[in-house]
Amino acid sequence: MDSTVSKKEVMISYIISFAFIIAMMTASVILKDHEIILPEVAAMAIAMWVWRDAGWIRQPSKIFLAPSITALIGFVVNQLPISYLGKVILTLILMMLFLRIIQSNLGPSIATGLLPVVTNATEWSFVISVFILTFLLMLGVLLFGLHKGLEKKVKIQYKYMVVFLVLIFVWIALCSIVGYPLAVIPPILVVVFESLQKPMYSGKMAFKQGLVLTISATVGTLLYFSIDSWILVTLLNMILMLILLYIVGIRVPAVYAFPLLPFVFPDEIVAKLPLGSFITCMFLLSAVLAYKKIEMKQKGRVMQM
């Protein structure tokens, strides 16, 4: 976020973002439809409206286009008569192809695309919800000119999309072999996708990411099973995630998405989220770290030559 933004403006941005997230949960409660809950929208609201992440807002039209189309891809694939893993793999491949075509590397698109497969979404209310919420997110960026002054196009390293697919497919294969049920946790995959694209990635960064993601999964799960009010749980989650990130000193949008997963995952899966998140983070973030270290060594050799 721009250093010129005042503390008052930051506070107002948080309040608006939290209100937006709670409004989504309230609509879900009123309509009695959990498929309109989109955990990644919470991450997008904070990253775009509060932190003003340049990578996410430089092209406002894609805030709506990318997540909406990937959500449609995931939803349609989920209706096909193929296995769960087949759906996940097909969705991932189609999403990467689509993002390549529209020249975008917007991480949240991965989460919105995988969510209908992971949660077995069958109602069109899911797709409609993605359309409406991402349109409102885009509208907020445009109305307040949060994208102004940012370079519209930057060079995208598309090779990382291939690396991402390879890492995830290896992970899915290992999980399938040992019978691990939480191979695909959308917020973690978004972090992996974005971490691969960072020019520098350290063990300290990987540790902090894994720490806050595991804690957010644990807090979200405990509150979900402890308090009956979905709206109150959501408010508490958002406040606690704000405090968590402040203490650890890191910005990870996915931390705001994680506590909302219990509302869309089956209860038997929700109970496994904390440990599952830890295991998934350990493997995937370690894999990203290893890859980035190898990449840096190769670059060093090229420079020496």
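Provided above is the structure to which this section pertains.
These numbers were taken from a predicted model, which means no experiment stands behind them.

J.: Go over the packing of helix H6 (residues 108-118) against helix H9 (residues 186-196), please, and point to the residues and values.
T.: Between H6 and H9, whose axes approach to 9 Å, the crossing angle comes to 150 degrees. In this view, H6 runs roughly antiparallel relative to H9, as classed from their interaxial angle. For the element pair H6 and H9, the recorded crossing hand is right-handed. Between H6 and H9, the residues in contact are Pro 108, Ile 110, Ala 111, Leu 114 and Val 118 and Pro 186, Leu 189, Val 190 and Phe 193, respectively. Split into classes, the residues belonging to the contact of H6 with H9 amount to nine nonpolar, no polar and no charged.

J.: Describe in detail the nonpolar core, supporting the description with residues and values.
T.: One finds Phe 164 and Tyr 256 to be the most contacted residues of the largest nonpolar core, which totals 106 residues. It is helix H8 (residues 159-178) that provides the largest number of residues to this core, a total of ten residues. Not counting residues within four places of it along the chain, the set of residues in contact with Tyr 256 comprises Tyr 14, Phe 18, Pro 39, Ala 42, Ala 43, Ile 46, Trp 51, Met 238, Met 241, Leu 242 and Leu 245.

J.: Which residues make up the packing of aromatic side chains, and what are the values?
T.: Remark: the centre distance and the inter-plane angle together describe each pair of aromatic rings, the angle taken between the planes. Under the definition given, this model contains 14 aromatic pairs. A ring pair is formed by Tyr 224 and Phe 225, whose centres lie 5.2 Å apart and whose planes are at 70 degrees; its orientation type is edge-to-face. Using a relative accessible area of 16% as the deciding quantity, one classes Tyr 224 as buried. Relative accessible area serves as the criterion here: at 46%, Phe 225 is assigned to the partly exposed category. Centroid distance Tyr 224 to Phe 263: 5.4 Å. Interplanar angle 85 degrees. Geometry classified as edge-to-face. Placement of Tyr 224 in helix H10 (residues 203-226) and of Phe 263 in the loop between helix H12 (254-257) and helix H13 (267-270) is noted, with a sequence separation of 39 residues between them. In this structure an aromatic cluster arises from ring pairing among Tyr 14, Phe 18, Trp 51 and Tyr 256. Just above the ring of Tyr 158 sits the side chain of Arg 100; from NZ or CZ to the centre is 3.8 Å.

Cut-offs used in this document
Residues numbered from 1 in each chain as written. Predicted model: local features only at pLDDT ≥ 70, side-chain atom pairs only at ≥ 80, totals over all residues. Heavy atoms only, no water. Axes fitted to C-alpha atoms, helices over the stretch in contact; angles between N-to-C directions. Helix = DSSP H or I, 4+ residues; strand = E, 2+ residues; numbered from the N terminus. Parallel < 35°, antiparallel > 145°, perpendicular 65-115°, else oblique. Left-handed = near helix turned anticlockwise from the far one by under 90°. Contact = heavy atoms within 4.5 Å. Nonpolar A, V, L, I, M, F, W, Y, C, P; charged D, E, K, R; others polar. Core = buried A, V, L, I, M, F, W, Y, C linked by side-chain atoms within 4.5 Å. Buried < 20%, exposed > 50% of the residue type's maximum accessible area, 1.4 Å probe, protein only. Phe/Tyr/Trp six-rings, centres within 6.5 Å; stacked < 30°, edge-to-face > 60°. Lys NZ or Arg CZ within 6 Å of the ring centre and 35° of its normal.

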